[in-house]
Amino acid sequence: MVVGADHPLGAFVAISLAQSDATVVAIGAQREPLMQLASAAPRKIEPLVLHPGRQDVFAVLQEAWAAEPIHIYIDVLSLTPLIPSEPASPTARRSAALLQALDSGLRAGQARVVMALATEADEDHPQPAEYEAMLQHWLQEPAPWRLTGVRMPGTVEYWTDPRCNSAGAFLLSLCDPEQPAMPRASVLDWTG
């Protein structure tokens, strides 16, 4: 699963996973970029639009996913620009609600969960403190899946193709089952 797949970094990660023969659920708030992403690998990338303000989708996901294994879960939602008129905290709550809704699948797949944490905020991006607090909450949960936070620049202009390639490869390396898992309470800095 790639959350924030409508961001350039999320799109890079989704396509990389699909090219390595993974089935990818690409989650985001903007329909058009997700449909365009899915068209790049129609049999491998399944788009899922999370419309702002729709809380019922989390219950539907929890029920529909049940204990279907999720092996990789990458969330770059904190790097995506806020939807106009939406305050920052609901964005962080959306990430938390997704983790809660998919907890059974994350447990079943003994997932490696990687969450990008924006290092700066502006009027278009969530406040980093919202995500840091959420991450600390999840790091204390006794779950068999591993959660690693990665601090990254938040401004969209920063995310050129070369930076997406470099950062995306780094995020994917944290999910590689051949590599030793990071300690459960890891928060890393990525400076590109």
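In this convention, every chain numbers its residues from 1, walking through the sequence in written order. Local features in this predicted model are restricted to residues of pLDDT 70 or higher, and side-chain atom pairs are both shown and tallied only at a pLDDT of 80 or more, whereas totals for entire chains, interfaces and linings draw on every residue. Just so you know, side-chain values use all the structure's heavy atoms and leave hydrogens and water out.

Now for the pairing of strand 6 (residues 146-152). Any residue under 20% of the maximum accessible area for its type is buried, any over 50% is exposed, and the rest in between are partly exposed; the area is computed with a 1.4 Å probe on protein chains only. Note on conventions: DSSP H or I runs of at least 4 residues are helices, E runs of at least 2 residues are strands, and numbering of each starts at the N terminus. Counting buried residues in strand 6 gives 5 out of 7 residues, a clear majority hidden from the surface. Sheet analysis places strand 5 (residues 112-118) next to strand 6, joined by 7 bridges and oriented parallel. If you follow V113 over to strand 6, its bridge partner there is L147. By the convention used here, strands pair only if DSSP detects at least 2 bridges between them. Pairing of strand 6 with strand 7 (residues 186-189), which is carried by 4 bridges, proceeds in the parallel orientation. Counted as the bridge partner of R151 is D189 from strand 7.

For Phe, Tyr and Trp, where Trp contributes only its six-membered ring, two rings pair if their centres lie within 6.5 Å, and the inter-plane angle classes them as stacked under 30 degrees, edge-to-face over 60, or tilted in between. In this structure the tally under the stated criterion is 3 aromatic pairs. Centre to centre, the rings of Y158 and W159 are 5.1 Å apart; their planes meet at 80°, and the pair counts as edge-to-face. The exposure classification of Y158 matches that of W159, with both residues buried. Ring plane angle 85° and centroid distance 6.5 Å describe the contact between Y158 and W190, whose orientation is recorded as edge-to-face. Of this pair, Y158 sits in the loop between strand 6 and helix 7 (161-175) while W190 is found in the segment after strand 7, placing the two residues 32 residues apart along the sequence. Here Y158 and W190 have matching classes, each one buried. Aromatic rings pair up to connect Y158, W159 and W190 into one cluster.

Note that T80 resides in the loop between strand 4 (72-75) and helix 4 (88-101). Residue T80 is classed as buried on the basis of its relative accessible area, which comes to 7%.

Pairing is parallel in the open sheet, where 7 strands are placed in the order 3-2-1-4-5-6-7. What marks the edges here is a single partner per strand, and that holds for strand 3 (45-49) and strand 7. Contact criterion: two residues are considered in contact whenever any of their non-hydrogen atoms come within 4.5 Å of each other. For every element, the axis is a line fit to its C-alpha atoms; helices are fit only across the contacting stretch, and the angle between N-to-C directions ranges from 0 to 180 degrees. Seen against the sheet, helix 7 touches strand 4, strand 5, strand 6 and strand 7 and runs at an angle of roughly 165° to strand 6.

Once that is clear, we can look at the pattern of salt bridges. One speaks of a salt bridge when a side-chain nitrogen belonging to Lys or Arg is within 4 Å of a carboxyl oxygen belonging to Asp or Glu. A full pass over the atoms with the stated rule returns 4 salt bridges. Close ionic contact of R31 with E32 constitutes a salt bridge, the shortest N to O distance being 3.8 Å. Exposure remark for E32: the relative accessible area of 55% places this residue in the exposed category.

Next up on the list: the nonpolar core. To form a nonpolar core, buried Ala, Val, Leu, Ile, Met, Phe, Trp, Tyr and Cys residues must be joined to one another through side-chain atoms within 4.5 Å. L9, M152, W159 and L171 are the most contacted members of the largest nonpolar core, which totals 34 residues. Looking at this core, the elements that each hand over two or more residues are helix 1 (8-19), strand 2 (24-28), helix 2 (31-40), strand 3, strand 5, strand 6 and helix 7. When near neighbours in sequence (up to four residues on either side) are disregarded, M152 contacts L9, L79, A116, L117, A118, T119, W159, A167, L171 and W190. Counting residues in hydrophobic clusters, the runner-up holds 28 residues, among them V3, L50, A101 and L102.

On to helix 1, then. An expected span of 1.5 Å times one less than the residue number is assigned to each helix. In this model, helix 1 (12 residues) spans 16 Å end to end at C-alpha, consistent with the 16 Å of a helix rising 1.5 Å per residue. Among all positions in helix 1, only L9, G10, A11, V13, A14, S16, L17 and A18 are buried. Downstream of helix 1 by a residue or two, D21 has a phi angle that is positive, lying close to 75°.

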